[in-house]
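This is what each chain is made of:
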Protein chains: 2
Amino acid sequence: MGQSYRVAILGATGAVGTELLELLEHRNFPLADLKLLASPRSAGNTLLFRGEALPVETVEANSFAGVDIVLASAGGSVSKAWAEPAIAAGAVMIDNSSAFRLDTSVPLIVPEVNPGAAAHHRGLIANPNCTTILMAVALYPLHQVQPIRRIVASTYQSASGAGARAMEEVKTQSLDILQGKQPKPQAFPYPLAFNLFPHNSPLNALGYCEEEMKMVNETRKIFGADDLRITATCIRVPVLRAHSESINLEFEQPFSVEHAREILSQAPGVKLVEDWQKNYFPMPIDASGKDEVLVGRIRQDLSHPNGLELWLCGDQIRKGAALNAVQIAELLIQKNLLKPALAANS
Amino acid sequence: MGQSYRVAILGATGAVGTELLELLEHRNFPLADLKLLASPRSAGNTLLFRGEALPVETVEANSFAGVDIVLASAGGSVSKAWAEPAIAAGAVMIDNSSAFRLDTSVPLIVPEVNPGAAAHHRGLIANPNCTTILMAVALYPLHQVQPIRRIVASTYQSASGAGARAMEEVKTQSLDILQGKQPKPQAFPYPLAFNLFPHNSPLNALGYCEEEMKMVNETRKIFGADDLRITATCIRVPVLRAHSESINLEFEQPFSVEHAREILSQAPGVKLVEDWQKNYFPMPIDASGKDEVLVGRIRQDLSHPNGLELWLCGDQIRKGAALNAVQIAELLIQKNLLKPALAANS
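Quick caveat: nothing in here was measured; it's all calculated off a predicted structure.

Rules of the game
- Along each chain, numbering runs from 1 in the same order as the chain's sequence is written.
- All chains are assigned letters beginning at A, and all ligands numbers beginning at 1, according to the order in which they are written.
- The predicted nature of this model means local features are confined to residues of pLDDT at least 70 and side-chain atom pairs, given and counted, to a pLDDT of 80 or more, with totals for whole chains, interfaces and linings taken over all residues.
- Hydrogens and waters are ignored; side-chain quantities use all the structure's heavy atoms.
- Domain boundaries shown here were taken from an automatic or database domain assignment.
- We call two residues in contact when some of their heavy atoms are within 4.5 Å.
- In this description, buried area is defined as the sum, over both parts, of the accessible area (probe of 1.4 Å) that is lost when the two are combined.
- Salt bridges are identified by distance alone: a Lys or Arg side-chain nitrogen within 4 Å of an Asp or Glu carboxyl oxygen.
- Pairs of N or O atoms within 3.5 Å make up the polar contacts considered here, provided that, within protein, one atom can donate a hydrogen while the other can accept it, and that residues adjacent in sequence are counted only when both atoms are side-chain atoms.
- A helix here means a DSSP run of H or I that spans at least four residues, while a strand means a run of E at least two residues long, and both kinds are numbered starting from the N terminus.
- When residues are grouped by polarity, Ala, Val, Leu, Ile, Met, Phe, Trp, Tyr, Cys and Pro land in nonpolar, Asp, Glu, Lys and Arg in charged, and all others, Gly among them, in polar.
- UniProt positions are given in the numbering used here, feature names are shortened, and annotations may be inferred rather than shown by experiment.
- Helix axes are fitted to C-alpha atoms over the stretch in contact, other axes to C-alpha atoms as well, and angles between N-to-C directions run from 0 to 180 degrees.
- Note on angle classes: values under 35 degrees are labelled roughly parallel, values over 145 roughly antiparallel, values of 65 to 115 roughly perpendicular, and the remainder oblique.
- Left-handed describes a crossing whose near helix is turned anticlockwise from the far helix by less than a right angle; the clockwise case is right-handed.
- Relative accessibility decides the category of a residue: with a 1.4 Å probe and only protein chains considered, values under 20% of the type maximum give buried, values over 50% give exposed, and everything between is partly exposed.
- In this description, strands pair whenever DSSP reports at least two bridges between them.
- Orient the strands so they point away from the viewer, and a crossover whose first-strand-to-second-strand path over the helix runs clockwise is right-handed.
- For a helix, the expected span equals 1.5 Å multiplied by the number of residues minus one.
- Fitting axes to the seven residues ending at a residue and to the seven starting there, one defines the bend at that residue as the angle between these axes.
- Superposition of the copies used a least-squares fit over C-alpha atoms from residues whose pLDDT is at least 70 in both.

Thoughts on the domain arrangement of chain A
Residues and elements named next belong to chain A.
Link 1 in the chain: Domain annotation of chain A identifies domain 1 (5-99 + 321-345) and domain 2 (132-315).
Link 2 in the chain: Of note, the centres of domain 1 and domain 2, computed from C-alpha atoms alone, are 28 Å apart.
Link 3 in the chain: Taken residue by residue, the interface counts seven residues in domain 1 and six residues in domain 2.
Link 4 in the chain: Both faces combined, the contact of domain 1 with domain 2 buries some 460 Å², and carbon together with sulfur accounts for 54% of it.
Link 5 in the chain: When the area that domain 1 buries against domain 2 is broken down by residue, the three leading residues are Ala15, Leu323 and Asn324, summing to 53%.
Link 6 in the chain: Where domain 1 packs against domain 2, one counts two salt bridges.
Link 7 in the chain: A salt bridge links Arg27 to Asp291, with the shortest nitrogen-to-oxygen separation between them at 3.9 Å.
Link 8 in the chain: Where domain 1 meets domain 2, there are one residue pair in polar contact (both at pLDDT 80 or more).
Link 9 in the chain: The leading source of residues in the side of domain 1 that touches domain 2 is helix H8 (residues 318-334), at three residues.
Link 10 in the chain: Within the side of domain 1 that touches domain 2, the residues separate by chemical class into three nonpolar, two polar and two charged.

Topic: the UniProt feature "domain: Semialdehyde dehydrogenase NAD-binding" (unreviewed entry) in chain A
Link 1 in the chain: Here, UniProt's "domain: Semialdehyde dehydrogenase NAD-binding" (unreviewed entry) annotation points to residues 6-121 of chain A.
Link 2 in the chain: The span residues 6-121 of chain A carries 22% helix and 28% strand; its end-to-end C-alpha distance comes to 19 Å.

Thoughts on the packing of helix H3 (residues 130-145) of chain A against helix H5 (residues 210-223) of chain A
All names here are of chain A.
Link 1 in the chain: Between H3 and H5, the least distance of the axes is 10 Å, while the angle of their chain directions is 40°. By the criterion of interaxial angle, the relationship of H3 to H5 is oblique. Relative to H5, the crossing made by H3 is right-handed. Residue-level inspection shows Cys130, Thr131, Thr132, Met135, Ala136, Leu139, Tyr140 and His143 of H3 in contact with H5, the latter providing Glu211, Lys214, Met215, Glu218, Thr219, Ile222 and Phe223.

Regarding the interface of chain A and chain B
Interfaces are frequently sized by the accessible area removed from exposure as the parts join.
Link 1 in the chain: Between chain A and chain B, the contact holds 62 residues from the first and 62 residues from the second.
Link 2 in the chain: Across the chain A/chain B interface, buried area totals approximately 5,200 Å², and carbon plus sulfur atoms make up 62% of it.
Link 3 in the chain: Across the chain A-chain B interface, the total number found is eight salt bridges.
Link 4 in the chain: In this structure, Arg299 of chain B engages Glu212 of chain A in a salt bridge whose closest nitrogen and oxygen atoms are separated by 3.1 Å.
Link 5 in the chain: One can count 38 residue pairs in polar contact (both at pLDDT 80 or more) joining chain A with chain B.
Link 6 in the chain: Per-element accounting of the side of chain A that touches chain B gives the leading share, seven residues, to strand S10 (residues 229-236) of chain A.
Link 7 in the chain: Its residues placed into classes, the side of chain A that touches chain B shows 35 nonpolar, 17 polar and 10 charged.

A closer look at the pairing of strand S5 (residues 69-72) of chain B
Residues and elements named next belong to chain B.
Link 1 in the chain: Residues of S5 alternate between two faces, with Ile69 and Leu71 on one and Val70 and Ala72 on the opposite face, all of them buried.
Link 2 in the chain: Both strand S1 (residues 5-10) and S5 contribute to a ladder of four bridges, which runs parallel. Within the sheet, the bridge partner assigned to Val7 lies in S5 and is Ile69.
Link 3 in the chain: Note that S5 and strand S6 (residues 92-95) share four bridges and pair parallel. Opposite Ala72, over in S6, you have Asp95 as the bridge partner.
Link 4 in the chain: The handedness of the S5 to S6 crossover, carried by helix H2 (residues 76-88), is right-handed.

With respect to the pattern of salt bridges
Residue and element names in this part refer to chain A.
Link 1 in the chain: This structure, assessed with the given rule, holds 38 salt bridges over all chains.
Link 2 in the chain: The salt bridge involving Arg318 is made with Glu22; its shortest N-O contact spans 3.5 Å. Of this pair, Arg318 sits in helix H8 while Glu22 sits in helix H1 (residues 15-26), and the two are 296 residues apart along the sequence.
Link 3 in the chain: The closest approach of N and O atoms between Arg261 and Glu274, which form a salt bridge, is 2.7 Å.

Focus on the UniProt feature "binding site: phosphate" (unreviewed entry) in chain A
Residues and elements named next belong to chain A.
Link 1 in the chain: Mapped onto this numbering, the UniProt entry annotates "binding site: phosphate" (unreviewed entry) at Arg101.
Link 2 in the chain: You can see Arg101 is positioned in the loop between strand S6 (92-95) and strand S7 (124-126).
Link 3 in the chain: Judged by its relative accessible area of 5%, Arg101 is buried.
Link 4 in the chain: In contact with Arg101, not counting residues within four places along its chain, are Asn96, Leu108, Ala126, Asn127, Pro128, Asn129, Lys214, Glu218 and Lys221.
Link 5 in the chain: Of the polar contacts made by the side chain of Arg101, one reaches the backbone oxygen of Ser97; its length is 3.2 Å.

Brief notes about H8 of chain A
Residues and elements named next belong to chain A.
Link 1 in the chain: The end-to-end C-alpha separation of H8 is 21 Å, well short of the 24 Å expected for 17 residues at 1.5 Å each.
Link 2 in the chain: Largest kink in H8: about 40°, centred on Asn324.
Link 3 in the chain: Of all the 17 residues making up H8, 16 are buried; the element is thus mostly covered by neighbouring parts of the structure.
Link 4 in the chain: One or two steps after H8, the chain reaches Asn336, where phi turns positive at roughly 55°.

Some thoughts on the relation of the copies chain A and chain B
Link 1 in the chain: For the match of chain A to chain B, the screw axis carries a shift of 0.0 Å, the RMSD comes to 0.0 Å, and the turn is 180°. Taken together, the rotation and translation relating the two chain copies correspond to the operation of a two-fold axis.
Link 2 in the chain: Looking at the interface residues of chain A, 100% of them are also at the interface in chain B, so both copies use one shared face.

Digging into the environment of Ala329 of chain B
All names here are of chain B.
Link 1 in the chain: As for its position among the elements, Ala329 is in helix H8 (residues 318-334).
Link 2 in the chain: The sequence separation of Ala329 and Ile69 amounts to 260 residues, and the corresponding C-alpha distance is 7.3 Å.
Link 3 in the chain: When residues no more than four places from it in sequence are discounted, the contact partners of Ala329 are Phe29, Ile69 and Ile94.

As for helix H3 (residues 130-145) of chain B
Residues and elements named next belong to chain B.
Link 1 in the chain: Here H3 spans 24 Å end to end across 16 residues, near enough to the 22 Å set by a 1.5 Å rise per residue.
Link 2 in the chain: Where H3 bends most, the angle comes to about 40°, and this point is Leu139, followed within four residues by the proline Pro141.
Link 3 in the chain: For H3, the buried fraction is high: 14 of the 16 residues fall into the buried class.
Link 4 in the chain: Between the side-chain oxygen at the start of H3 and the backbone nitrogen of Thr131 there is a gap of 3.0 Å, and the oxygen is on Asn129.

Let's talk about the sheet that holds strand S2 (residues 31-38) of chain A
Residue and element names in this part refer to chain A.
Link 1 in the chain: If you walk across this open sheet you meet the seven strands as S3-S4-S2-S1-S5-S6-S7, and the pairing is mixed. Of all the strands in the sheet, just strand S3 (46-49) and S7 have a single pairing partner and so form its edges. Neighbour to neighbour, the strand axes of the sheet diverge by 25° on average, direction disregarded.
Link 2 in the chain: Those strands touched by helix H2 (residues 76-88) are strand S1 (5-10), strand S5 (69-72), S6 and S7, and its axis lies near 160° from that of S6.
Link 3 in the chain: Where H8 meets the sheet, it contacts S1, S5, S6 and S7, and its direction lies at approximately 150° from that of S6.

So this is what it looks like as structure tokens:
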């Protein structure tokens, strides 16, 4: 069955790191060896993988020797610090942080959308923002048939987007409120239990938060559509895991609901969830732990002849982060793109 | 000073009925007498009002004798059954149900928006849908300055919209989940705790639910703008009380954020909540129990030169239902419109 590969996870102890381990354990990934790397603070622990306790090592200059693929998920500053050493050691880094996503020399990839962009990598590939990945998977099949002209998105983002600690905080706060106590916000600036608020990432001069600008700029880069008009409102909701998105689309010409449904029912990475009799459509609890982006409630926009409305839910940690990164690794392997100069060897 | 009025609440024991009692107790309403009416099932109880235990009586043919104003909040079929007897007895019915809202002979009123419509009533005035009222209060001041051409709305609706039982269900389900038990949906078709789903009202042939069509049709009627283009996606979220709405607006010409902010900072029934330094904007927990619709995050739409984005939260039971009904009653009193034929008497 050919070659297998040495993989390192940088940031192995976080929410996405945990999911990466899960995926590498259960997918048919050609793994020769798995190395768990983290900051000195998290190093020293062990994590269970295929029944074996793997040590979490402190990331160091020589950590990447012999490693083929680095799955980085320890934040932008860590990725910036270790990208060069990893690439110099001959590895390809697939980076889950936002550090390199808009760097024109770094491919930004959703495998269902723009796998071809991988061919031009220089040792570094960026994994897009979670909300953006989910939207891109659902919209690109339509965009291919008839270019989308404008997107108006409103999101319903779960606590998991802010990490494992934020998920715990929502639970703790819920219990506090149910017991008549004051909820204590720590991971978030305001209580999230039984409440919601605009995404708490920094705001730009126009009042858009970073999360919203990621949806705008990253979608354009992934679609290769610089003139695609996008606006977004990102809201954090008291859901533990899986993001939802209400999306309004405008096309150049009318796009029938039937045609959209037909396309999305066969689209890679998408599962159409529409039971109109039961009023049953995508829900976060159904999307949690699933690989697919659940899409439904495809409707003719009542306010625009060329408009469509759709609703989606997707697991933010899985397809929105870890799975997409693993799929990029699998794409590099399939296309012999791990070490472009050595591609002929494999 | 001067005259005071006999009021009956029909549906006194529900969530909106409770709020009506609260408002009549604490507002400076010229109340001569308060009568609590309900179905035989709920009758027989007493409810506290200004320190006095008022009996809840079964609604009957002679219940409306001498009553000036009926505040009806017991559902469409009850309103349909009792509107004629109430009007025949000389009362004006202000109906919180959807039974008469689109009836062209019945005014549909948000006092901050179309108080003039009250002049034409024939004994019956409809109180709009909660989500619609909140949106109308926030948008009409802008619409007056420059007509809105198109609205794309996505809602975040609390459990309270489905009544007191639904609010309890979210709490019970949350506790169940935190204790590792399966949540049991009863008021809603699916678990709402730590989850969300499209509004579970009946769907029309185009896949729009009743709640969405209320936003479309009632807003047009209230604004007197039959050609206003509106599309909506209504989502139920695990918030106890107060609805939120992400609203994208298109105007004929550019509408500056500064101008919109200036208008909304002085608009009746609106409170502008925008602290850009603290990333602090309207939240359901802040809107709960408040009279005003909290509006914020007014932004230039990145996808349309004539577009604005805004975000609002409002108490669905208060301004979205009970307060708006009481304000209509106050409007009728102020304008001498309670008994049009007798207006000269007062």
